[in-house]
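What follows is each chain in one-letter form.
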Amino acid sequence: MSTDAVTLNVDKRGIATVALNRPGLHNALDDETISLLAATLETLAEDATVRMVVLTGSGISFSAGHDPEWLRRLSQFSANELNRYAQQIARLLHTLDTLPQPTLAKVQGSAFGLGVAMVACCDIAISVSEALYSLADVKFGQIPALTAPYLIRSIGERATRRYSITAERFNAGKAKRLGLVHQVVENDELDAAVEHMASQVLLNSPAAMRATKHLIGEIGKQEITPQVMQRCIEHSLTVRMSDEGREGIRALIEMRKPGWMD
């Protein structure tokens, strides 16, 4: 599948690479791109043959956030039209955040605004060292209302306050220290780093990884109560009694590779 704004490639291993493809605009997002990206991710979520999703960009930037021309058009919108657009963004971030497959942000260049939020929504993020990050909404009299929940979860409330209020840029090293990205590499090391991580993910049970993401999403912000622990027990039993759960234990006992690695 290929379009002007978003490209999709699925290799024979089931790794889907989704790329923002507006390099001349630093992969800035307008309503059509946001809608297409959300629809692409929703399609992948329903595809059991897809084992991992890599999100990246074409050109020198991961994503510059909102397209300035689109912002100009937005300035003429009514409250109802603005609400519909906000719902589009919310749909995109929720879809990326809750995608059942493992997700990896391959940050090959700078990420601003909504681009930062997309990095925060991915399970794993690997960034080139020269990438810059910024949450610049307040520079334009706006607030990061739709991205704030994902940023707070990723880098914490205090860091989100600082960088959302100051709108200052920070580098990849700072992004790693904050917890926004997990690994920082040089440009010529990025493909190898992503491939290494993908190879690690492919060793694991697809069903177990999906169940793990669901469990963490369900209990991540809850206190450890007897009710929460009971839900954890229920999730554990469901996976342990599944086909892949049984196959994994048999493979361990028999000292062989499990079936999903064939």
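Residues numbered from 1 in each chain as written. Predicted model: local features only at pLDDT ≥ 70, side-chain atom pairs only at ≥ 80, totals over all residues. Heavy atoms only, no water.

A.B. asks: Would you explain the packing of aromatic side chains in this entry?
C.D. replies: The description of two aromatic rings rests on the distance between their centres and on the angle between their planes. By the definition in use, this model includes four aromatic pairs. Ring pairing ties together the aromatic residues W70, F77 and Y85, which thus form one cluster. (Phe/Tyr/Trp six-rings, centres within 6.5 Å; stacked < 30°, edge-to-face > 60°.)

A.B. asks: When you look at helix α4 (residues 114-121) in this model, what are you seeing that I'm missing?
C.D. replies: Because the α-helix completes a turn every 3.6 residues, residues three or four places apart line up on one side. Most of α4 is tucked away: eight of the eight residues are buried. Residues of α4 that are buried: L114, G115, V116, A117, M118, V119, A120 and C121. (Buried < 20%, exposed > 50% of the residue type's maximum accessible area, 1.4 Å probe, protein only. Helix = DSSP H or I, 4+ residues; strand = E, 2+ residues; numbered from the N terminus.)

A.B. asks: What's the story with the sheet that holds strand β5 (residues 103-107) in this structure? I'm lost.
C.D. replies: Backbone hydrogen bonds hold the strands of a sheet together, and the pairing may be parallel or antiparallel. Spatial ordering of the open sheet is given by β1-β2-β3-β5-β7-β10, a layout of six strands whose pairing is mixed. Two strands lie at the open edges of the sheet, namely β1 (6-10) and β10 (183-185), each paired on one side alone. For this sheet, the mean angle separating the axes of adjacent strands, direction not counted, is 20°. Of the strands in this sheet, β2 (15-20), β3 (52-57), β5 and β7 (124-128) touch α4, which is tilted by about 140° from β5. Helix-sheet contacts for helix α8 (residues 190-201) involve β2, β3, β5, β7 and β10, and the interaxial angle to β7 is about 165°. (Pairing = 2+ DSSP bridges. Axes fitted to C-alpha atoms, helices over the stretch in contact; angles between N-to-C directions. Contact = heavy atoms within 4.5 Å.)

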